[in-house]
Amino acid sequence: MRESCKLAASVLKSCEQLASEGITTDEIDRFVHNEAIKANAYPSPLRYAGFPKSVCTSVNNVACHGIPDDRKLMDGDVINIDITVFLNGYHGDCSKTYLVGNVDERGRHLVKSNEECLNKAIGLCGPGVPLNLIGGFCESFAKLCKLKVIPAFIGHGIGSYFHGPPEILHFKNNYPGIMQQGMTFTIEPIFTTGESEEIEIQEDGWTAMTVDGARTSQFEHTILITEDGYEILTLLD
């Protein structure tokens, strides 16, 4: 898990230079695909339940699962790049939202608040902590920032499988269970500037867009619950 997560984090960091005006999301996809293959890994999204590309690129009002295409990034865009790689039998998963050029104050607030929420939510983790503590915190933090959480997408257990238990909800919930030493799972809240929390899946079966056209942001880490706390597996040294 450490090896796969470090690779995912390294590829994601390399994508920062590609999140710039004039670059197409197809170009990002090709880069991610080639980086995974060069490392003797496989890009986990490719053909997963029919997903056609090697990375998810979600721009502006695309909340999640954006499919790379020939659209060029424009000044003022925000783009989430979601990397998962399969290396030596294990998946590593992380994502980050990047600012393209001159993003307005509201957009910068959205992205900064979202990243801060993830980091603070991770800080709550440890053995014996209720899993639903994360969701309650994320919803309250978003409200404090005058933003909303998109509830349709959740964090998840990960390891030799891409998605599995436990489910990590990012809103107030009564999901049972506690964190236990050795668990690995993702935390990945999506924030929106809109009045609505609703999303709509497009005809491609994947692209999830906000119904009100509001921008979104997402950050994600894979973490490990340790004997006395947590380890962020997708954090580079």
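Notes on the structure follow. (Residues numbered from 1 in each chain as written. Predicted model: local features only at pLDDT ≥ 70, side-chain atom pairs only at ≥ 80, totals over all residues. Heavy atoms only, no water.)

What follows deals with the sheet that holds strand E11 (residues 199-201). The sheet built from three strands is open, its strands ordered E3-E12-E11 with antiparallel pairing. The open sheet terminates on both sides in strands that have one partner only, identified here as strand E3 (62-64) and E11. Each adjacent strand pair in this sheet contributes to an overall mean axis angle of 40°, direction not counted. (Pairing = 2+ DSSP bridges. Helix = DSSP H or I, 4+ residues; strand = E, 2+ residues; numbered from the N terminus. Axes fitted to C-alpha atoms, helices over the stretch in contact; angles between N-to-C directions.)

What follows deals with the pattern of salt bridges. All told, the structure shown has six salt bridges when counted by the stated rule. We note a salt bridge from Asp-104 to Arg-215, for which the minimum N-O separation is 3.1 Å. Remark: Arg-215 occurs in the loop between strand E12 (208-210) and strand E13 (216-218) and Asp-104 occurs in the loop between strand E5 (90-99) and helix H3 (105-123); sequence separation between them is 111 residues. On the accessibility criterion, Asp-104 (40% relative accessible area) is partly exposed. The partner of Lys-120 in a salt bridge is Glu-116, and the shortest N-O contact between them spans 3.9 Å. One end of the pair is Lys-120 and the other is Glu-116, both in helix H3 and four residues apart, which spans about a single turn. (Salt bridge = Lys/Arg side-chain N within 4 Å of Asp/Glu carboxyl O. Buried < 20%, exposed > 50% of the residue type's maximum accessible area, 1.4 Å probe, protein only.)

Time to look at the pairing of strand E2 (residues 56-59). In E2, alternate side chains face the same way, and those of Cys-56 and Ser-58 on one face and Thr-57 and Val-59 on the other are all buried. Of the strand pairs in this sheet, E2 and strand E4 (residues 78-87) are connected by four bridges, and their pairing is antiparallel. Each bridged residue has a counterpart across the sheet, and for Ser-58 the counterpart in E4 is Asn-80.

For the pair helix H1 (residues 2-15) and helix H2 (residues 25-38), interaxial distance at closest approach is 10 Å and the crossing angle is 150°. Helix-helix and strand crossings are classified by hand; for H1 and H2 the assignment is right-handed. Where H1 abuts H2, its residues Val-11, Ser-14 and Cys-15 lie against Ile-28, Phe-31, Val-32 and Glu-35. Residues belonging to the contact of H1 with H2 are distributed by class as follows: five nonpolar, one polar and one charged. (Left-handed = near helix turned anticlockwise from the far one by under 90°. Contact = heavy atoms within 4.5 Å. Nonpolar A, V, L, I, M, F, W, Y, C, P; charged D, E, K, R; others polar.)

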